[in-house]
Amino acid sequence: MTSKPTIGGFTTFKAEGHGFDFARASVSERVRGRVERGVLMAVMPRGQASLLLETVRNALPVPHMVHWLEPVLEVGRLADGRAAQGEPDGAAP
């Protein structure tokens, strides 16, 4: 995946949406009561996230696309026991 602004590492997975809007759902999705969705998760500074959301909003104005922002207290890997880059906003740990 390429984007401007760039996204470092990210995770994607399949999900099922419940109870939002079934106007564009397939017959099988309507019978099951849930629609297939994809989820992308990425950790980045707030300013970069806002810019990325604006870019996606302008390029893909899809009514059923949902986003949310959450604070991340720490990002790291269990193998070395340290935070990857301190706090995600670039502040010193």
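As the structure is a computational prediction, the values presented were derived from the model and not from experiment.

J.: Got a minute to help me understand the overall build of the chain in this structure?
T.: Helix and strand counts for the chain stand at 2 helices and 2 strands. The linear arrangement of helices and strands in the chain, starting from the amino end, is β-α-β-α. The buried share of the chain, taken over its 93 residues, is 14%. Nonlocal contacts in the chain, meaning residues at least 24 apart in sequence, comprise 43% of its contacts between residues at least 6 apart.

J.: Would you take a moment to explain the pattern of salt bridges for this structure?
T.: Close approach of charged atoms allows side chains with opposite charge to pair. The final tally for this structure, using the stated rule, is 2 salt bridges. With a shortest N-O distance of 2.7 Å, E16 and R34 are connected by a salt bridge. Of the two residues, E16 sits in strand 1 (residues 10-17) while R34 sits in the loop between helix 1 (27-32) and strand 2 (35-42), which places them 18 residues apart along the sequence. Judged by relative accessible area, E16 falls into the partly exposed class, the value being 40%. Looking at R34, the relative accessible area reads 25%, which means it is partly exposed. Measuring nitrogen to oxygen at the nearest pair gives 3.1 Å for the salt bridge that ties R57 to E54. Of this pair, R57 and E54 are both found in helix 2 (residues 46-59), 3 residues apart, which corresponds to roughly one turn of the helix.

J.: Which parts of the structure should I look at to understand the confidence of the model for the chain?
T.: Keep in mind that low pLDDT regions are not for reading the predicted coordinates in detail. Across the chain, pLDDT averages 79, with 80% of residues at or above 70. No element of the chain has a lower mean pLDDT than helix 1, at 79, and none a higher one than helix 2, at 91.

J.: What exactly am I supposed to notice about the environment of R46 here?
T.: Here R46 shows up in helix 2. With a relative accessible area of 58%, R46 lands in the exposed category. In the structure, R46 is positioned 25 residues away from P71 in sequence and 8.7 Å away in space, judged by C-alpha atoms.

J.: Would you mind going over the environment of L69 with me for this structure?
T.: Relative to the helices and strands, L69 is located in the segment after helix 2. For the pair L69 and S50, spaced 19 residues apart in the sequence, the C-alpha separation amounts to 9.2 Å. With residues near it in sequence (within four places) discarded, L69 still touches R46, A49 and L53.

J.: Explain the environment of V43 here, please?
T.: By secondary structure assignment, the location of V43 is in the loop between strand 2 and helix 2. Each C-alpha atom of the pair V43 and G9 lies 7.8 Å from the other, and the pair is 34 residues apart in sequence.

Parameters at a glance
Residues numbered from 1 in each chain as written. Predicted model: local features only at pLDDT ≥ 70, side-chain atom pairs only at ≥ 80, totals over all residues. Heavy atoms only, no water. Helix = DSSP H or I, 4+ residues; strand = E, 2+ residues; numbered from the N terminus. Buried < 20%, exposed > 50% of the residue type's maximum accessible area, 1.4 Å probe, protein only. Contact = heavy atoms within 4.5 Å. Salt bridge = Lys/Arg side-chain N within 4 Å of Asp/Glu carboxyl O. pLDDT = per-residue confidence, 0-100.

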